[in-house]
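Fold and contact review
Now for the letters of each chain:
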Amino acid sequence: MKIAIPTCDGRVDDHFGHCKEYTVYTVENKQITGTETVPSPEGCGCKSNIAFTLRQMGVNVMLAGNMGQGAKNVLEAQRIEVIRGCSGKIEDLVTSFLNGEVRDNGEVCDHHDCH
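Residues numbered from 1 in each chain as written. Predicted model: local features only at pLDDT ≥ 70, side-chain atom pairs only at ≥ 80, totals over all residues. Heavy atoms only, no water.

Quick look at the overall build of the protein now. Looking only at helices and strands, one finds three helices and six strands in the protein. Going residue by residue from the N terminus, the α and β elements of the protein occur as β-β-β-β-α-β-α-β-α. Burial status across the protein gives 44% buried among its 115 residues. Put simply, of all contacts in the protein between residues at least 6 apart along the chain, 50% involve residues at least 24 apart. (Helix = DSSP H or I, 4+ residues; strand = E, 2+ residues; numbered from the N terminus. Buried < 20%, exposed > 50% of the residue type's maximum accessible area, 1.4 Å probe, protein only. Contact = heavy atoms within 4.5 Å.)

Written out as structure tokens, the structure reads:
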């Protein structure tokens, strides 16, 4: 399994489409076995090629803070499960996710200045 997280300074970036970078965790048997960083493309996340890029890397889960419906649709079209409402230190978030403690909050950001 590969999990991607919009990241800024080791924490979940609050807005998927304008993050600095994505941290991608490789997980085997519920253990983190690797990490890599992917720079965020220029522009809004839903209009960039980031969903395709992440899918090509094998990402199948996106743990994110706020996200618009367009970005959610683009990621899901690439068969990447989207879980919104995430926050905090990214390594702690991945551990919580692997322990079954993280659920999608169902909220969709409808503007470009969510915080």
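Here the narrative resumes, following the displayed structure.
Next up on the list: the nonpolar core. Counting residues in hydrophobic clusters, the biggest one holds 17 residues, and the most contacted among them are Phe16, Tyr22, Leu54, Met62, Met67 and Leu75. Taken together, the elements giving at least two residues each to this core come down to β3 (21–28), α1 (50–56) and α2 (69–77). Excluding its chain neighbours within four sequence positions, the residues that come into contact with Leu75 are Phe16, Ala51, Met62, Met67, Ile80 and Val82. Membership of the second largest hydrophobic core comes to 15 residues, among which are Val12, Val27, Val61 and Cys86. (Core = buried A, V, L, I, M, F, W, Y, C linked by side-chain atoms within 4.5 Å.)

The next point concerns the confidence of the model for the protein. Residues at a pLDDT of 70 or more form 86% of the protein, whose mean pLDDT is 86. Confidence drops under a pLDDT of 50 for residues 111–115, and excluding neighbours within four residues, the segment shows ten contacts in the predicted structure. (pLDDT = per-residue confidence, 0-100.)

Quick look at the side chain of Thr23 now. If you trace the backbone, Thr23 turns up in strand β3. A polar contact is formed between the side chain of Thr23 and the side chain of Thr7, at a distance of 2.9 Å. Dropping the residues within four chain positions of it, Thr23 is found in contact with Ile3, Ala4, Ile5, Thr7, Glu36 and Ile90. (Polar contact = N/O pair within 3.5 Å; in protein donor to acceptor, adjacent residues only side chain to side chain.)

We now examine the pairing of strand β1 (residues 2–8). Across the seven residues of β1, six count as buried, placing the element largely inside the fold. Pairing between β1 and β3: six bridges, direction antiparallel. Within β3, the residue paired with Thr7 across the bridge is Glu21. Both β1 and strand β5 (residues 61–63) contribute to a ladder of two bridges, which runs parallel. Bridging across to β5, Ala4 finds its partner in Met62. Pairing geometry for β1 and strand β2 (residues 11–12), over two bridges, is antiparallel. (Pairing = 2+ DSSP bridges.)

Our next topic: the environment of Asn29. Tracing the sequence through the fold places Asn29 in the loop between β3 and β4 (31–39). On the basis of relative accessibility, which here comes to 76%, the residue Asn29 falls in the exposed class. In this structure the C-alpha to C-alpha distance between Asn29 and Leu98, which are 69 residues apart in sequence, comes to 9.5 Å.

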